[in-house]
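# Residue-level structural notes
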Amino acid sequence: MTFPRIPSRLSGRHLRVASLATAAALVLVGTAQAQDTSAPGDIVFDAEFYVLQAQNGERWAAEDVELQARLAELEERFGAPPNLIHIMWDDTAYGDVGIPAIQKVRGLDTPNINALAEDGMMFTRMYTEVGCTPSRAAAATGRMAIRSGMYNIGMLQESHGLHDEEVTLAEVLSEAGYNTAFYGKWHLGDIEQSYPTNQGFDEALFTGYNQILSLNTREAEQGNASIGLFEDMLVEDVYKLDDTFVTKDWVMVAEGTKGGETLQWRDNTTETYEMIDAEGMDRMFAFMERSVEAEQPFYIANWPMMANFMPIREKCTRARALLQNGLQCTIDPMIAAVREKLEELGISENTLIVAMADNGPMSHNPPPGTGFAETIFRGGKGDFLEGGVRVPAFAVWPGMIEAGQLAGDMIHITDIFTTFASVAGAMDNIPTDRVIDGIDQTSLLLNGETHSRRDYTFTYAGPMLGAIVKGDYKRHFISPDPVGDASGIPAAFYFLPSDPREVSPMLTNLIHLKRPFNRMRLRHDLWKERYPDRPETHGIPWTGIANASEALIQEQNPQLVLGDLPFDPLEYIEHLDDLPFDPAGDPSIGE
């Protein structure tokens, strides 16, 4: 069975109600898509979504008619679809922002972030991926990182990145007439096809890596925070034979435009690192002004660096720690400045802001004095426990999202992709040849609590499925009970409301959930056989940099230094997938 295509907008991006092809057609789509997922033009979701849609599709279809009418009214008022801003920072435990009582204990104060909860919606069940690269890939593509091959955390000269055949939110929105821009911590690769300007953004100022860039500096070498990166600062090693082993050059920050040149911005110094966030804000505001003047809607992803691992910044919180100082003195004023700028431009009521952390705190082996710690939930960055993937998150849209909401509904970072596409009228631009994990959560935003269209998450630890959550229940598939798993009676089931720290696995009380969770996993795995995961994508780092240094060019072509070898010195790049993801074979479970 197939259904008529439903165009996302009429010409001129005006009224959308008629484009829904009547409420009756919507009901048909809502109730029948689960039976026919191969219809041309249908977005392919994970298998579990169709189970929900088959039971709730008629209600959702009726809601969608009302939602599109509200969006059409807003568009008619402003003459353009809404602007979209996604702000995402690092490694913050649920409760570290947004809950003043916890902040009092933790020694920080973020009134402007907290105001997002007062003026809009605060999510209590926003799930992410376990680390920064996977979460950023999920937000950009609407797909879990396992599907795009982006589950590895990129480090210096990683030779890894987002494949050019992945379709990003920037590409989806560009096709719908949006101006698109990226600023800050991209962390989705150092190979040319992964640069944000090659992934749909009109302009970008971006880093290929994370905050460890702040330790890839001469000051860090002097303090032994980085050891052996700057060999010219060290006593000569008279025993050294190989001068190509240690990386000689890289790109700390790059800038570029779609279809234009990509350049290294400034140099690899501490001074440059300290300027990234402020420069991104200046460019962001200029981009907003140009878009408003041109009467074009815009999408901006600003993912700030937030912190420096070198202890050089002024201590501005009672916590005196890297995380708290970054939240209070970088992110909080940033939120205030963005909202002030929207008011100044007269577009606050036509702009949806989603602000959130990318994953839980770096609670495993953090650098001393950084302030990372668990709060309500056990675990942190890298864990499939709630503490690793359940983060503070907020949405503000004056006049559209009712103020002061505290939503207990489940939402996932991939849902940003589909929800932004929906409110922008760009759903037709989402690819239909792959699984899209993101679900349209417009109803949750505009109708409020109890209107989520998700009650499940799958959390991967690297390439391995770590856990599944279904409603209030959770099952670990990487279990601390190997004997139980081997015998077929695993004690890896949790009831989250009474055990939010996942310290009391239940066997007898919850063993009736073994079959339902097995069923979910098998449906998920079988669907992946039909739509296989993409392998990791590798290449030579930082090609296509118009102002590349001689040292960087030599990194890209070792034969310039070594002369002829009986093998290709870059052949190893094609075999990076051969390395085991976790040589220890012991993924963290937060203990």
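Scroll up a little and you will see the structure.
Figured I'd write up the structure that's included with this text. What you are looking at is a predicted structure, and each value in this text was computed from that prediction instead of being measured.

On to the overall build of the protein. Helices and strands together make up the secondary structure of the protein, namely 17 helices and 14 strands. Buried positions account for 58% of the 591 residues belonging to the protein. Considering only contacts within the protein whose residues lie at least 6 apart along the sequence, 71% involve residues at least 24 apart. Here the protein has roughly 23,500 Å² of accessible surface; of this, 53% comes from carbon and sulfur atoms.

Running from N to C, helix α9 (residues 270-293) and helix α10 (residues 322-345) point in directions that differ by 15°, and their axes come no closer than 11 Å. Taken together, the axis directions place α9 and α10 in an arrangement best described as roughly parallel. In this structure, α9 crosses over α10, and the sense of that crossing is right-handed. Between α9 and α10, the contacting residues are Asp277, Met281, Met284, Phe285, Met288, Glu289 and Val292 on the first element and Thr330, Met334, Ala337, Val338, Lys341, Leu342, Glu344 and Leu345 on the second. Residues of the contact of α9 with α10, tallied by class, amount to 10 nonpolar, 1 polar and 4 charged.

Looking now at the state of the cysteines. In total, this model carries 1 disulfide according to the counting rule given. With its sulfur 1.8 Å from that of its partner, Cys316 forms a disulfide with Cys329. The sign of the S-S torsion, about 130°, decides the handedness of the disulfide formed by Cys316 and Cys329: right-handed. Of this pair, Cys316 sits in the loop between β7 (298-303) and α10 while Cys329 sits in helix α10, placing them 13 residues apart in sequence. Using a relative accessible area of 36% as the deciding quantity, one classes Cys329 as partly exposed.

Moving on, we get to the sheet that holds strand β14 (residues 493-495). Sheets are built from strands paired through backbone hydrogen bonds, the pairs being either parallel or antiparallel. On the basis of which strands lie adjacent, the open sheet formed by 4 strands has the order β11-β12-β13-β14 and antiparallel pairing. Looking at which strands have only one partner, the edges of the open sheet turn out to be β11 (456-461) and β14. If you compare each strand with its neighbour and ignore which way they point, the axes differ by 20° on average. Relative to strand β13 (residues 473-476), strand β12 (residues 464-470) runs antiparallel, the two being bridged by 4 bridges. The residue of β13 that forms the bridge with Ile468 is Arg475. Contacts from helix α15 (residues 514-530) reach β11, β12, β13 and β14, with the element oriented near 125° to β12.

Moving on to the side chain of Thr168. Mapping Thr168 onto the fold places it in the loop between α6 (145-148) and α7 (169-174). Classification of Thr168 by relative accessible area gives buried; the value is 1%. At a separation of 2.4 Å, a polar atom in the side chain of Thr168 contacts the main-chain carbonyl oxygen of Gln199. Among residues more than four places away in sequence, those in contact with Thr168 are Ala140, Leu162, Gln199, Gly200 and Phe417.

Before going further, it helps to spend a moment on the sheet that holds strand β2 (residues 121-127). Taken in spatial order, the 10 strands make up an open sheet running β6-β5-β4-β3-β7-β1-β8-β9-β2-β10, and their pairing is mixed. Only two strands of the sheet have a single neighbouring strand rather than two, namely β6 (262-264) and β10 (405-412). Put simply, the sheet's adjacent strands are angled 15° from each other on average, direction ignored. One ladder, built from 3 bridges, connects strand β5 (residues 254-257) with β6; its direction is antiparallel. The residue of β6 that forms the bridge with Gly256 is Thr262. Contacting β1 (83-89), β7, β8 (351-357) and β9 (390-396), α10 runs over the sheet at an angle of about 175° to β1.

What counts, and where the lines are drawn
Residues numbered from 1 in each chain as written. Predicted model: local features only at pLDDT ≥ 70, side-chain atom pairs only at ≥ 80, totals over all residues. Heavy atoms only, no water. Helix = DSSP H or I, 4+ residues; strand = E, 2+ residues; numbered from the N terminus. Buried < 20%, exposed > 50% of the residue type's maximum accessible area, 1.4 Å probe, protein only. Contact = heavy atoms within 4.5 Å. Areas by Shrake-Rupley, 256 points an atom, 1.4 Å probe, with all protein chains shown as cover. Axes fitted to C-alpha atoms, helices over the stretch in contact; angles between N-to-C directions. Parallel < 35°, antiparallel > 145°, perpendicular 65-115°, else oblique. Left-handed = near helix turned anticlockwise from the far one by under 90°. Nonpolar A, V, L, I, M, F, W, Y, C, P; charged D, E, K, R; others polar. Disulfide = S-S within 2.5 Å. Pairing = 2+ DSSP bridges. Polar contact = N/O pair within 3.5 Å; in protein donor to acceptor, adjacent residues only side chain to side chain.

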